[in-house]
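A look at the structure
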Amino acid sequence: MTPVLASLHWLPIKSRIIFETLLLTYKVLRGLAPSYLEELVIPYQLNKPLRSQNAGLLVVPRVSRGRMGGRAFSYQGPLLWNQLPVQVREADSIATFKIRLKTSLFEKAYSRAGVILHGLKKELLHLLRRNARVQLHY
């Protein structure tokens, strides 16, 4: 199924959920989401100035692992946001953000699949060559 999704340029379901969570986080940070969500996303601020201060990171709240808190937007939004490449986080429009985000998620989702498919292709070629040699001896 992965090659079909990749050829259609569709994200896997898990990546699609991440996409929607990060899009909502972007909208919250730009004041384009409902105001009640703004209190769930807190920019990370340091006591002393560092280069990372302008990196656009967010505070990831502590949650209990045994509870559903790990699935909450207030946890997943900042956690996923902080993992984004800076060029994605710093997009100046929603359209640009969506393009960069989808590209980033697509590369992450299918780079692993591409490595697996490449390995399978090599193994298949090896088996076909070996099978061809065996058939030549009969």
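Overview of the structure. Small disclaimer: the values here were computed from a predicted structure and weren't measured. (Residues numbered from 1 in each chain as written. Predicted model: local features only at pLDDT ≥ 70, side-chain atom pairs only at ≥ 80, totals over all residues. Heavy atoms only, no water.)

**Remarks on the pattern of salt bridges**
Let me state the cut-off plainly: By definition here, a salt bridge exists when the distance from a side-chain nitrogen of Lys or Arg to a carboxyl oxygen of Asp or Glu is within 4 Å. A run of DSSP states H or I qualifies as a helix once it reaches four residues; a run of E qualifies as a strand once it reaches two. Both are numbered from the N-terminal end.
This model, assessed by the stated rule, comprises one salt bridge. Between Glu20 and Arg16 there is a salt bridge, with its nearest N and O atoms 3.0 Å apart. With Glu20 and Arg16 both in helix H2 (residues 13–29) and four residues apart, this pair spans about one turn of that helix.

**Description of the packing of aromatic side chains**
What counts here: A pair of aromatic rings is counted whenever rings of Phe, Tyr or Trp (Trp by its six-membered ring) have centres within 6.5 Å, and the orientation is called stacked for planes under 30 degrees apart, edge-to-face for over 60 and tilted otherwise.
Per the counting criterion, the structure on display carries three aromatic pairs. An aromatic cluster is present here, built from Tyr26, Trp81 and Phe97 joined pairwise through their rings.

**A closer look at a nonpolar patch on the surface**
We count it as follows: Think of a patch as exposed residues, more than 30% relative accessible area, with no salt bridge, where like charges cluster within 9 Å and nonpolar side chains (Val, Leu, Ile, Met, Phe, Trp, Tyr) cluster within 5 Å. Areas reported here follow the Shrake-Rupley algorithm with a probe of radius 1.4 Å; residue values treat only the protein chains shown as occluding.
Residues Val4, Leu8 and Trp10 make up a contiguous nonpolar surface patch of about 320 Å² in total accessible area. Residue placement: Trp10 occurs in the loop between helix H1 (2–8) and H2.

**Considerations on H2**
We apply this condition: In a helix, the anticipated span is given by 1.5 Å times the number of residues less one.
Taking 1.5 Å of rise per residue, the 17 residues of H2 would be expected to cover 24 Å, and the 24 Å separating its terminal C-alpha atoms lies within 8% of that figure. Looking one or two places after H2, you find Gly31, whose phi comes out positive at around 75 degrees.

**Quick word on the environment of Thr25**
Short version of the rule: For this analysis, residues touch if any pair of their heavy atoms sits within 4.5 Å.
Here Thr25 is to be found in helix H2. Sequence separation between Thr25 and Glu38 is 13 residues; the distance between their C-alpha atoms is 9.1 Å. When near neighbours in sequence (up to four residues on either side) are disregarded, Thr25 contacts Leu58, Phe73, Gly77 and Trp81.

**A closer look at the nonpolar core**
What counts, and what does not: Each nonpolar core is a collection of buried residues, namely Ala, Val, Leu, Ile, Met, Phe, Trp, Tyr and Cys, held together in the definition by side-chain atoms within 4.5 Å. Any residue under 20% of the maximum accessible area for its type is buried, any over 50% is exposed, and the rest in between are partly exposed; the area is computed with a 1.4 Å probe on protein chains only.
In this structure, Phe19, Leu22, Val28, Trp81, Leu84, Phe97 and Leu101 are the most contacted members of the largest nonpolar core, which totals 23 residues. Broken down by secondary-structure element, the contributors of at least two residues to this core are H2, helix H4 (73–83) and helix H6 (94–136). Per-element tally for this core: the top contributor is H6, with six residues. Every residue in contact with Phe19, bar those within four places of it in the chain, is listed here: Leu11, Lys98, Leu101, Lys102 and Leu105.

**Here we look at the packing of H2 against H4**
Note the following rule: Only the stretch in contact is used when fitting a helix axis, every axis being a line fitted to C-alpha atoms; angles between N-to-C directions are given from 0 to 180 degrees. We call two directions roughly parallel when the angle between them is under 35 degrees, roughly antiparallel when it is over 145, roughly perpendicular when it lies between 65 and 115, and oblique otherwise. Classification used: nonpolar for Ala, Val, Leu, Ile, Met, Phe, Trp, Tyr, Cys and Pro, charged for Asp, Glu, Lys and Arg, polar for all others including Gly.
Relative orientation of the contacting elements H2 and H4 amounts to 90 degrees, with a least axis distance of 9 Å. As judged from the angle between their axes, H2 and H4 are roughly perpendicular. Contact residues: H2 offers Ile18, Thr21, Leu22, Leu24, Thr25, Tyr26, Val28 and Leu29, while H4 offers Phe73, Gln76, Gly77, Leu80 and Trp81. Residues of the contact of H2 with H4, tallied by class, amount to nine nonpolar, four polar and no charged.

**So, the side chain of Ser104**
Looking at the element boundaries, Ser104 is found in helix H6. Leave out the neighbours within four places in its chain, and Ser104 touches Pro85 and Val88.

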